[in-house]
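Listed below, chain by chain, are the residues.
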Amino acid sequence: MSKKYIFRIIIFSVIIAAIGVLFQFTLPQYTSPAIPFIIIFFFLITLFTLYIVLRTPHQVSGKKFVAGYVLSRFVKMISIFLFIILYMIFNKEDRWNFAGAFLIIYFSYSIFEIIALKKQ
């Protein structure tokens, strides 16, 4: 994976974090205190999944790309389910705000990942 993807993920994560901080200051009753952890989680999991898919240039096409993509999706989904379940078990009072923030950040990072893969 090239440095440009790492740089793009960092910039994207900083923008998402700034939006999260803005919402925490303007609408604290609708935000979750877990937003920074959600962003860190998605930063790391997106970095990992893009690494699996874009390991080397010769693996970006054909069957190895599909296998890497499916593996990255599987790891990502298992990680997401574990993160959500564990948080909701231990923080029942924040579960709805957490779920909303998680979904918004999930879709944001998913769109970012699709754009990053299409540019490859």
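Look above for the structure.
Described in the following lines is the structure provided in the data block. (Residues numbered from 1 in each chain as written. Predicted model: local features only at pLDDT ≥ 70, side-chain atom pairs only at ≥ 80, totals over all residues. Heavy atoms only, no water.)

## Some details on the environment of Y51
If you trace the backbone, Y51 turns up in helix α2 (residues 35–53). Placed 35 residues apart in sequence, Y51 and I16 show a C-alpha to C-alpha distance of 21 Å. (Helix = DSSP H or I, 4+ residues; strand = E, 2+ residues; numbered from the N terminus.)

## Some points on the packing of aromatic side chains
Counted under the stated rule, the structure contains 13 aromatic pairs. With centroids separated by 5.2 Å and ring planes inclined at 75°, the aromatic side chains of F41 and F42 adopt a geometry described as edge-to-face. By relative accessible area, F41 is classed as buried at 14%. Classification of F42 as buried rests on a relative accessible area of 0%. (Phe/Tyr/Trp six-rings, centres within 6.5 Å; stacked < 30°, edge-to-face > 60°. Buried < 20%, exposed > 50% of the residue type's maximum accessible area, 1.4 Å probe, protein only.)

## Quick look at the environment of A67
Positionally, A67 belongs in helix α3 (residues 63–90). With a relative accessible area of 49%, A67 lands in the partly exposed category.

## Things to note about α3
With 28 residues, α3 extends 41 Å from end C-alpha to end C-alpha; this agrees with the ideal 40 Å at 1.5 Å per step. For α3, every residue scored as buried is listed here: G68, S72, K76, S79, I80 and Y87. If you follow the buried residues of α3, they end up packed against α2 and α4 (95–119). (Expected span 1.5 Å × (residues − 1). Contact = heavy atoms within 4.5 Å.)

## Here we look at a nonpolar patch on the surface
A surface patch of nonpolar side chains, about 920 Å² in accessible area, is lined by F74, M77, I78, F81, L82, I85, L86, I89 and F90. Tracing the backbone through its elements, the reader meets L86 in helix α3. With a relative accessible area of 45%, L86 lands in the partly exposed category. (Patch = residues over 30% accessible without salt bridge, like charges linked within 9 Å, V, L, I, M, F, W, Y side chains within 5 Å. Areas by Shrake-Rupley, 256 points an atom, 1.4 Å probe, with all protein chains shown as cover. Salt bridge = Lys/Arg side-chain N within 4 Å of Asp/Glu carboxyl O.)

## Notes on the packing of α3 against α4
Viewed as axis vectors pointing N to C, α3 and α4 meet at an angle of 165°, and their least axial separation amounts to 11 Å. In terms of orientation, α3 and α4 fall into the roughly antiparallel class. You can see that α3 and α4 cross each other, and the crossing is right-handed. Note on element contacts: α4 touches α3 through R95, F98, A99, F102, Y106, S110, E113 and L117, opposite Y69, R73, K76, M77, I80, F83, I84, Y87 and M88. For the contact of α3 with α4, a count of residues per class yields 12 nonpolar, 1 polar and 4 charged. (Axes fitted to C-alpha atoms, helices over the stretch in contact; angles between N-to-C directions. Parallel < 35°, antiparallel > 145°, perpendicular 65-115°, else oblique. Left-handed = near helix turned anticlockwise from the far one by under 90°. Nonpolar A, V, L, I, M, F, W, Y, C, P; charged D, E, K, R; others polar.)

## Quick word on the side chain of S79
Tracing the backbone shows S79 in helix α3. Separated by 2.8 Å, the side chain of S79 and the backbone oxygen of V75 make a polar contact. The contact partners of S79, leaving out residues within four places of it in the chain, are F41 and I45. (Polar contact = N/O pair within 3.5 Å; in protein donor to acceptor, adjacent residues only side chain to side chain.)

## Let's talk about the environment of A101
Residue placement: A101 occurs in helix α4. Separated by 89 residues in sequence, A101 and F12 place their C-alpha atoms 16 Å apart.

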